[in-house]
Amino acid sequence: AQSVTQLGSHVSVSEGALVLLRCNYSSSVPPYLFWYVQYPNQGLQLLLKYTTGATLVKGINGFEAEFKKSETSFHLTKPSAHMSDAAEYFCAVSDQGGAQKLVFGQGTRLTINP
Amino acid sequence: GAGVSQTPSNKVTEKGKYVELRCDPISGHTALYWYRQSLGQGPEFLIYFQGTGAADDSGLPNDRFFAVRPEGSVSTLKIQRTERGDSAVYLCASSLDSGEQYFGPGTRLTVT
């Protein structure tokens, strides 16, 4: 069975500071990994995904994540936080990607302080 | 272009009643998924359709929950004899066979 653990249900950073949201996964097969963002009263939006190939993945809005197999991690980073980044972020895993169910972490609420 | 739409956006019902939640996927998407998101939690998988058939219904919590997709497009999630614990946001997503899942805004179900 697959599982995802997001360390820290709430993260608060100052505007312009580094954003780091942590995600560790468990999977018995090579995983496909995803980060989704959920703004208030909106649907989930895909930020980025790792399937195969390059382990550093760049996404929308300046976010990136690095797949580290040895650490079973897929942490999300952004060099400089903007006020508009305030949202809920979810890490997810699937075993074959595409038409397969996603297993989500519990989410991390990101707050940006002016 | 139109995204995934879900109706109603909010549904309040009494314990024991029957409810139907509707999902209209993106046109041409063959795969459709239902997830449930309880307060403070990440979405949990319920069921996945490939075309008209349920390819994986392992996430349905019990036999009060049922979903259909009769023509391979619109899907309806049906909950019988609702319980207060069914209160959650029900999310629908669709995708091409091997593509990204696009999520709808969800239906917030409240069982009183």
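Scroll up to find the structure.
Residues numbered from 1 in each chain as written. Chains lettered and ligands numbered in written order. Predicted model: local features only at pLDDT ≥ 70, side-chain atom pairs only at ≥ 80, totals over all residues. Heavy atoms only, no water.

Asks: I keep staring at the packing of aromatic side chains and nothing clicks. Help me out?
Replies: Following the criterion strictly, the structure yields 13 aromatic pairs over all chains and no others. Seen in terms of ring centroids, Y50(A) and F67(A) are 4.4 Å apart; in terms of plane orientation they differ by 25°. Their pairing is stacked. Placement of the pair is Y50(A) in strand β5 (residues 44-50) and F67(A) in strand β7 (residues 64-68), with a sequence separation of 17 residues. The same class applies to Y50(A) and to F67(A), which are both buried. The interplanar angle of 85° and the centroid separation of 5.7 Å between the aromatic rings of F104(A) and Y35(B) together place this pair among those described as edge-to-face. One end of the pair, F104(A), is in strand β10 (residues 103-104); the other, Y35(B), is in strand β4 (residues 31-37), on a second chain. (Phe/Tyr/Trp six-rings, centres within 6.5 Å; stacked < 30°, edge-to-face > 60°. Helix = DSSP H or I, 4+ residues; strand = E, 2+ residues; numbered from the N terminus. Buried < 20%, exposed > 50% of the residue type's maximum accessible area, 1.4 Å probe, protein only.)

Asks: Please explain the interface of chain A and chain B as it appears in this structure.
Replies: Interfaces are frequently sized by the accessible area removed from exposure as the parts join. Between chain A and chain B, the contact holds 15 residues from the first and 21 residues from the second. If you look at where chain A meets chain B, you find zero salt bridges. Linking chain A with chain B are three residue pairs in polar contact (both at pLDDT 80 or more). When contributions to the side of chain A that touches chain B are tallied by element, the ones reaching two or more residues are β4 (32-38) and β5 of chain A. With three residues, β5(A) is the single largest residue contributor to the side of chain A that touches chain B. Grouping the amino acids of the side of chain A that touches chain B by side-chain chemistry returns seven nonpolar, six polar and two charged. (Contact = heavy atoms within 4.5 Å. Salt bridge = Lys/Arg side-chain N within 4 Å of Asp/Glu carboxyl O. Polar contact = N/O pair within 3.5 Å; in protein donor to acceptor, adjacent residues only side chain to side chain. Nonpolar A, V, L, I, M, F, W, Y, C, P; charged D, E, K, R; others polar.)

Asks: Hey, could you run me through the pairing of strand β9 (residues 87-94) of chain A in this one?
Replies: Consecutive residues of a regular strand have side chains that alternate between opposite faces of the sheet. Residue and element names in this part refer to chain A. A large share of β9 lies buried, amounting to eight of its eight residues. Side chains A87, Y89, C91 and V93 of β9 all project onto a buried face; the interleaved residues E88, F90, A92 and S94 project onto the opposite face, where all are buried too. Here β4 runs beside β9; their pairing, made up of seven bridges, is antiparallel. Opposite W35, over in β9, you have C91 as the bridge partner. Examined bridge by bridge, β9 and strand β11 (residues 108-113) share three bridges and lie antiparallel to one another. Paired with E88 across the two strands is R109, which belongs to β11. (Pairing = 2+ DSSP bridges.)

Keep in mind these values describe shape, not function.
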